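Below, each chain spelled out in residue letters.
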Amino acid sequence: ATAPEVRITSGAGGGSYALGTPVSLTATATPAAGRTIQRVEFIWGPYDHGQVFCTDFNAPYNCNLSDSQTRLYDILAVAYDSAGVAGKSPLTRVVFEDSRKVSISGRLRHTASQPGNEIFLTNALVRLDMDNRPYREVRTDSLGGFSFADLAWGGRYSLVPVEPGYTFAPPAVN
């Protein structure tokens, strides 16, 4: 069965928004010949186990999203037609950020390092996740150092060493 075509048309560019700012999302959905669209659900997280946060039964399919905490949302729209067939849109990333900023810096160290004989990795990729999803990436400098600046205060961040066998020297949060 042919799935409906669905796209997020308003808010599709994603972006960063101040805490509490309402973001208006609009989706268009086109069914296969002889069918009608029954509903469009807006989901954050992966399609197979994401959370429906809004449902609209009438075109244009609209939803408003806002958050009072620093958070990252990967959003998609899923359209269901009269035959029960679902079609999904590409992901749109929306980030709500506190205006206060922090930075995280540290060094990437080999797990076999010993005190006084530490081995640091240069030009290695370090990933910063927000809400358990990739957010930013940087490469380490000539001393194994890295820094993520201008991060929203209150975000749920985690550092991910992309290189196997390496861990982080205690990072500094400013």
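Residues numbered from 1 in each chain as written. Predicted model: local features only at pLDDT ≥ 70, side-chain atom pairs only at ≥ 80, totals over all residues. Heavy atoms only, no water.

Asks: Describe the sheet that holds strand β3 (residues 23-30), listing the residues and the values that go with them.
Replies: Overall, antiparallel pairing links the three strands, which are arranged β1-β3-β6 in an open sheet. This sheet does not close on itself; its edge strands, each paired only once, are β1 (5-10) and β6 (61-65). For this sheet, the mean inter-axis angle between neighbouring strands, taken without regard to orientation, is 25°. With five bridges connecting them, β1 and β3 associate as antiparallel partners. Bridge pairing links I8 to A27 in β3. (Pairing = 2+ DSSP bridges. Helix = DSSP H or I, 4+ residues; strand = E, 2+ residues; numbered from the N terminus. Axes fitted to C-alpha atoms, helices over the stretch in contact; angles between N-to-C directions.)

Asks: Break down the pattern of salt bridges for me, with residues and values.
Replies: Counted by the stated rule, this structure contains ten salt bridges. Measuring nitrogen to oxygen at the nearest pair gives 3.1 Å for the salt bridge that ties R39 to E41. Among the residues examined, R39 registers a relative accessible area of 26% and is labelled partly exposed. Put simply, D129 and R127 hold a salt bridge, and the shortest N to O gap is 2.7 Å. Judged by its relative accessible area of 22%, R127 falls in the partly exposed class. Among the ionic contacts, a cluster of salt bridges with common partners joins D74, R93 and R133. (Salt bridge = Lys/Arg side-chain N within 4 Å of Asp/Glu carboxyl O. Buried < 20%, exposed > 50% of the residue type's maximum accessible area, 1.4 Å probe, protein only.)

Asks: Give me the lowdown on the nonpolar core, citing residues and values where you can.
Replies: Of all hydrophobic cores here, the largest spans 19 residues; its most connected members are A27, A29, V40, F42, I75 and A77. Put simply, the parts of the chain that give this core at least two residues each are β1, β3, β4 (37-44), β6, β7 (71-81) and β9 (92-97). Other than its neighbours up to four places away in sequence, F42 contacts L25, A27, Q51, V52, F53, C54, Y61, N62, C63, L76 and A77. Listed in part, the 18 residues of the second largest apolar core include L128, Y135, L151 and Y157. (Core = buried A, V, L, I, M, F, W, Y, C linked by side-chain atoms within 4.5 Å. Contact = heavy atoms within 4.5 Å.)

Asks: For the packing of aromatic side chains, give the residues involved together with the corresponding values.
Replies: For the structure shown, the criterion picks out eight aromatic pairs. Geometrically, the ring pair formed by Y73 and F96 is edge-to-face, given 6.0 Å between the ring centres and 80° between the ring planes. Of this pair, Y73 sits in strand β7 while F96 sits in strand β9, and the two are 23 residues apart along the sequence. Since its relative accessible area comes to 5%, Y73 is described here as buried. Judged by its relative accessible area of 0%, F96 falls in the buried class. Their ring planes at 35° and their centres at 6.3 Å tell us that Y135 and Y157 sit as a pair that is tilted. Remark: Y157 occurs in strand β14 (residues 157-161) and Y135 occurs in strand β12 (residues 133-139); sequence separation between them is 22 residues. In this pair, the class of Y135 matches that of Y157, namely buried. What links up through ring pairs into an aromatic cluster is the set Y17, F42, W44, F53, Y73 and F96. In this structure, R100 packs its charged tip against the face of W153, placed 3.8 Å from the ring centre. When the ring centre of F120 is taken as origin, the NZ or CZ atom of R107, which lies over that ring, is 3.5 Å away. (Phe/Tyr/Trp six-rings, centres within 6.5 Å; stacked < 30°, edge-to-face > 60°. Lys NZ or Arg CZ within 6 Å of the ring centre and 35° of its normal.)

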